[in-house]
Every structure is written in structure tokens, then in C-alpha cells.
Amino acid sequence: MSATTTNQNAAGGPTRLEPAVTQRTLKRMPRRLRGVLALDDFETAARRHLPRPIFGYVAGACETGASFAANRAAFAAHAFVPRVLRDVGDRSQRRTLMGRAYEHPFGISPMGLSALAAYDGDVVLAAAARAAGIPAVMSATSLTPLERVAAEGGSRWFQAYLPGDDARIEAMLARVAAAGFDTLVLTVDVPVSGNRENNVRNGFDAPLKPSLRLAWDGAMRPRWLVGTALRTLAARGMPHFENMDALRGPPIVSRNVVRSTKGRDRLAWRHAELMRARWKGSFVLKGVLAAEDARRAREIGCDGIVVSNHGGRQLDGAIAPLEALGPIVAEAGSMAVMLESGVRRGTDVLKALALGADFVFVGRPFLFAAAIAGEAGVRHAVDLLAEEIDRDMTLLGIRTLDELSSDLLRPERP
Ligand SMILES: Cc1cc2nc3c(=O)[nH]c(=O)nc-3n(C[C@H](O)[C@H](O)[C@H](O)COP(=O)(O)O)c2cc1C
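The structure displayed is predicted, hence computed values, not measured ones.

Cut-offs used in this document
Residues numbered from 1 in each chain as written. Predicted model: local features only at pLDDT ≥ 70, side-chain atom pairs only at ≥ 80, totals over all residues. Heavy atoms only, no water. Near = heavy atom within 4 Å. Polar contact = N/O pair within 3.5 Å; in protein donor to acceptor, adjacent residues only side chain to side chain. Areas by Shrake-Rupley, 256 points an atom, 1.4 Å probe, with all protein chains shown as cover. 1 Å grid on protein atoms, 1.4 Å probe; cavity = no way out; pocket = protein on both sides within 12 Å on 5 of 7 lines; lining within 4 Å. Sits in = over half its atoms within 2 Å of the grid points. Buried < 20%, exposed > 50% of the residue type's maximum accessible area, 1.4 Å probe, protein only. Helix = DSSP H or I, 4+ residues; strand = E, 2+ residues; numbered from the N terminus. Right-handed = clockwise from strand over helix to strand, strands pointing away. Pairing = 2+ DSSP bridges. Contact = heavy atoms within 4.5 Å. pLDDT = per-residue confidence, 0-100. Axes fitted to C-alpha atoms, helices over the stretch in contact; angles between N-to-C directions. Parallel < 35°, antiparallel > 145°, perpendicular 65-115°, else oblique. Left-handed = near helix turned anticlockwise from the far one by under 90°. Nonpolar A, V, L, I, M, F, W, Y, C, P; charged D, E, K, R; others polar.

Draft legend 1. Region of the structure containing the site of the ligand. Residues in close proximity to the ligand total 23 residues, the closest being Pro-110, Ser-139, Thr-187, Glu-340 and Arg-344. For the ligand, an oxygen atom lies 2.9 Å from a polar atom in the side chain of Lys-286. Taking Glu-340, its side chain carries an N or O atom lying 2.4 Å from an oxygen atom of the ligand. Contact with the protein chains hides 99% of the accessible area of the ligand, taken as 600 Å² for the molecule alone. The cavity that encloses the ligand is the largest pocket.

Written as C-alpha cells, this is what we have:
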């Protein structure tokens, strides 16, 4: 049950949000959500719930964690200059993105192996997003057939990892279109997987290698073991990588199978052009950080770009998206500019929008939310962020997101 009340007038006018967490609403919430007052609290709860290798896979970043830290630091480096006495009684945080109206200016990033962290994770994330009126992007590294996530979760955004191979690209696009997806997100910052040493230290691999250590890690988290792992096996059998390609991939647990990512380092602009020509819906590149690439995306006819450093999971030391945003927006033309990596607070959302982003996405907290409390957890996460945005808009002195501009911000540091 959602703890936030959203009152809309019949004409789709202003949205008023009541606090997601008050002493009154706390009593009605599932026990495991009661201590969750902000997005970061989901991580604390998930650390106690998930086996170590799986928690580490979701929470982790690459190498020194420089980009991961830079993402948060970039938000802290901007301060608001609020305006007062503006009658902000009627507020709305609705946003139209690539021709579609959403209730809030944020969505859920694609996250692989969601069904390993949360029972039926891919469907749960999609269904919760649909109910909340926000987009959720289904990951190519998912364990649920994309057709089922489209049918049962109402998913309409699919993220692809594709090799530089025309025939495989065409086959995959045909499959995604046939399932009813209308937005294709091509992730372009993974020509090779990032160097995530924490996965090696925690005994995580994809596929997972069966071992005594893995069994012990699972046994140490009985609620996950029964509620996610055994329940999945009983309901659906051994999960497989379902959506890397037009054909089914390997199982999630395997002693000797290696998941092939061959050919991803051959992906080039000409393949993006091919996809643009073949894909009839909205086409988005995810993982753009350079203005030059934004210009190229615009020139080949992309509908949008996601400015992202993959949550600090790919090139360590890659610039924080918020720092990269200005020159990218200047090159974007009519493309939608979305931003993600490190967004955790309503104030972060408003800072990104004030600096020119049209929309933001949030990753890890939503998967932690699905892991600890399924759809109710994801709805709670949406409510918390939406309520923060509403409160922050009021304190900032604005009624609509269109009133945001860089005039409301000052750099903290010269
Ligand atoms: C567990 C996990 C799995 C991910 N899998 C994918 C993926 O399959 N495809 C993709 O484009 N990005 C993937 N990402 C990156 C996210 O889409 C997103 O860029 C990142 O999580 C945003 O940063 P945030 O978690 O700080 O919000 C993954 C991230 C996480 C945490």
C-alpha cells in the first residue's frame, strides 16, 4: 500500500503530496519499511537481507570508486538560492518526456540480475513504475523473458547491450518490437565490463559458480534464500539470461559456462545509425558524457540521451554526469536529455533539472527496495522521492518544474 496520497484534480492539474512517512503512516507500513525514511536507508536494510556477493554486486562500483564518489560530490557542489513569498500553493511535478506524460520527473534505471536480488524483480520494478506513472527501463542482463515483463509489468522501455554485428542487432530489435516496447535504450558505455574488484573479493560472478562459499552466503540470509531463491526455483525453475540476444543465454548458476559479451567492443556509430533506421519508436543512447557524442547522437536522429557514468561502475575516474551536463545540453537540440548516477534526493533531481536535464533516473535504491519489500518497497521509494521533490519545490519557491533554471543555483566552490 502506498503511504503517499496523491490528489489530482480532474483536469490533471496540480499534484499535492502528503508526507510519505509520518507517525500515522508508519503504523500502516510493512515492518521492514518502517525505518526507511530516505532512499539511502534501503541500502542499509538490503545489506542485512541480501547474501554478501549479491549485495556487493548491486552496491559496488569499479576500481577506486572515484566516479562513484564524484557523482555525489557533484550534487553537493551546487547550492540553492531559494526565492520567497511566491504563493506556491498549487504545485505539480509532472513532466512530459519524448511525447509521454509522467507523474514525476524520475524513472528507474535498467539493472541486470534484478530477479536475483528480488523475487520476480524485473516484473516488480516494471509494475510498480507503471502504477506510479513513471518509466522503468528493463535491462538486457535480466533473468525474465522480456515478453513477460512487457505483458505482466507493462514495461515499455527496453535497454539493449548489443555487439557490432548487424544480423544480431536486427534479430534483437525485431524481438523487442514484437513484444510491444516503444522505447529502445542502447547502452554505449560498456564495450567491456568495468573492473569491479569487489565482485571477485565477494565471490560474485555472472553466471554464479556453485561453491560451498556461495551456499554458505545464501544460508546466512534465510529470508532471501526462501523468499527469493527457492521461491524462484519452485515457481519458474533455474533462471537464465533471457534477453542478451534474440536467443536465450546461459543459466544464472553454472560451473563452467562463460557468458559471451563478444563483439561489444566492435559496436560503432554505424550500428547506432542502423538501429535508428530500423527502430520505429523512441531511440535513446545511455552512457553519453561528451558534448561531441551528444552532437553525433542528435545528428543520427536519436530522440534522447542518458548522461551517465553507469553509477561509477565502468570507467573509474569518468566525469560525474552533473559536471558534464552543461556542454551536452548546449549540443542536444530537441533531444531529451536524461541524467543518472548518484541521484538520491529530491534536491539532486531539482539540481539536475535546473542545470538543463529534462528527466533523471535512479538505480540502486529501487533495486534494494524491491529486494526488501517487493512492489510495496518500490512504491515507497517512489513516494519518498516524490515527496522530497514536492517539499523542495515549495521551499525553493517554484510551482512547476519549468520554473527551474540555473539562476536558482550557485556553485559551492569557485
Ligand atoms: C545492479 C546493477 C545492475 C546494472 N545493470 C545495468 C544494465 O544491465 N544495463 C545498463 O545499461 N545499466 C546497468 N546498470 C547501471 C544503471 O542503469 C545506472 O546507470 C546506475 O545504476 C545509476 O546510478 P545509481 O545506481 O547511482 O542511481 C546497473 C546498475 C546496477 C546497480
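Draft legend 2. Spotlight on the pairing of strand 11 (residues 304–307). Here strand 11 shows a buried face lined by Gly-304 and Val-306 and a second buried face lined by Ile-305 and Val-307. Handedness of the crossover joining strand 10 (residues 282–288) and strand 11 through helix 13 (residues 291–299): right-handed. Pairing of strand 11 with strand 12 (residues 336–340), which is carried by 4 bridges, proceeds in the parallel orientation. Across the sheet, the residue bridging to Ile-305 is Val-337, located in strand 12. In this fold, the crossover linking strand 11 to strand 12 by way of helix 14 (residues 321–332) has right-handed handedness.

Draft legend 3. Spotlight on the side chain of Asn-71. By the element assignment, Asn-71 lies in helix 4 (residues 66–76). By relative accessible area, which is 2% here, Asn-71 ends up buried. Sequence-distant contacts of Asn-71, defined by excluding residues within four places in its chain, comprise Asn-309, Gly-311, Gly-312, Ala-320, Pro-321, Ser-341 and Gly-342.

Draft legend 4. Spotlight on the confidence of the model for the chain. A residue-level look at the chain finds 96% of positions with pLDDT of 70 or above and a mean pLDDT of 94. Low confidence marks residues 1–11, where pLDDT is under 50. Its contacts with residues over four positions away, or in another chain, come to 26 contacts.

Draft legend 5. Examining the packing of helix 8 (residues 166–178) against helix 12 (residues 269–278) more closely. Relative to each other, helix 8 and helix 12 sit at 30°, their axes nearing to 11 Å. Put simply, helix 8 runs roughly parallel to helix 12. Judged by the twist between their axes, the crossing of helix 8 over helix 12 is right-handed. Counted together, Asp-166, Ile-169, Glu-170 and Leu-173 of helix 8 and Arg-270, His-271, Leu-274, Met-275 and Arg-278 of helix 12 form the full contact between these two elements. By residue class, the composition of the contact of helix 8 with helix 12 is 4 nonpolar, 1 polar and 4 charged.

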